[in-house]
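Here are the chains, one letter per residue:
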Amino acid sequence: MKTISSFQKLVYEATKKIPRGRVSTYFQIAKYIGNEKACRAVGNALNKNPFAPKVPCHRVVSSSGSLSGYAFGKEKKITLLKKEGVMVINNKVEDFKNKLFKIKE
DNA sequence: ATAAGGGCACCGC
DNA sequence: CGCGGTGCCCTTA
């Protein structure tokens, strides 16, 4: 039992909302939660990721489209993204802004 | 309660 | 465009 807080719950919710072939940013999730400044906290929450397979943390990238990191290895993240239709080049998402999914809608 | 860490974002050079 | 420094937030020990 992880005893997660509302914050993390929202993080996972937002992350799960990200459709396949689409990517989002920690910042976007942070805003969805209500604290755009909590971008680090978001990453931390995803890092623990008690819902690993349920939460597609690999669809979450940095504001510049860089993969930044991944609990299972960024290389794995790239592979998953490419398999979902997201072209990843040089550890960065191609057409990032075009594939960017805005959760707060 | 305090200290440190973590998958960030922004600003300046 | 890349690097370094800074600020905010959350979790765990």
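Provided above is the structure to which this section pertains.
Not measured: the values here are computed from a predicted model. (Residues numbered from 1 in each chain as written. Chains lettered and ligands numbered in written order. Predicted model: local features only at pLDDT ≥ 70, side-chain atom pairs only at ≥ 80, totals over all residues. Heavy atoms only, no water.)

Quick notes on the protein's contact with DNA strand C
- DNA strand C sits among S5, F7, Q8, K37, A38, R40, A41, N44 and K48.
- Near the protein, within 4 Å, the atoms of DNA strand C are sugar or phosphate in 66% of cases.
- With respect to DNA strand C, the backbone of A41 contributes an N or O atom lying 3.4 Å from a base oxygen.
- One nitrogen or oxygen atom from the side chain of N44 is found 3.3 Å from a base oxygen belonging to DNA strand C. (Near = heavy atom within 4 Å. Polar contact = N/O pair within 3.5 Å; in protein donor to acceptor, adjacent residues only side chain to side chain.)

Brief notes about the packing of aromatic side chains
- Tallied over the full model, the rule gives two aromatic pairs.
- Taking the centre distance of 5.7 Å and the plane angle of 50° together, the rings of Y70 and F72 count as tilted.
- On the basis of relative accessible area, Y70 is assigned to the buried category, the value being 18%.
- Note on F72: relative accessible area 53%, which makes it exposed. (Phe/Tyr/Trp six-rings, centres within 6.5 Å; stacked < 30°, edge-to-face > 60°. Buried < 20%, exposed > 50% of the residue type's maximum accessible area, 1.4 Å probe, protein only.)

What to know about unusual backbone geometry
- Positive phi, normally seen in glycine, also occurs at N91, with a value near 60°.
- In this structure, N91 sits in the loop between strand 3 (88–89) and strand 4 (92–93). (Helix = DSSP H or I, 4+ residues; strand = E, 2+ residues; numbered from the N terminus.)

So, the environment of K83
- As for its position among the elements, K83 is in helix 4 (residues 74–83).
- By relative accessible area, which is 60% here, K83 ends up exposed.
- Separated by 80 residues in sequence, K83 and T3 place their C-alpha atoms 33 Å apart.

So, the protein's contact with DNA strand B
- Close contacts around DNA strand B come from 15 residues, with Y26, N44, L46, N47 and S63 the closest.
- Of all DNA strand B atoms lying within 4 Å of any protein atom, the proportion belonging to sugar or phosphate reaches 40%.
- Here a base nitrogen of DNA strand B and a side-chain polar atom of R40 are 3.3 Å apart.
- A distance of 3.2 Å is found between a base nitrogen of DNA strand B and a backbone nitrogen or oxygen belonging to C57.
- For the surface near DNA strand B, the secondary structure elements donating two or more residues are helix 2 (26–33) and helix 3 (39–48).
- The element best represented in the surface near DNA strand B is helix 3, accounting for six residues.

Thoughts on the nonpolar core
- In this structure, V11, Y12, I29, V42, L46 and V60 are the most contacted members of the largest nonpolar core, which totals 16 residues.
- Of all the elements in the fold, those that place two or more residues in this core are helix 1 (6–17), helix 2 and helix 3.
- It is helix 2 that provides the largest number of residues to this core, a total of four residues.
- Of all hydrophobic cores here, the second largest spans ten residues; its members include L81, V86, V88 and F96. (Core = buried A, V, L, I, M, F, W, Y, C linked by side-chain atoms within 4.5 Å.)

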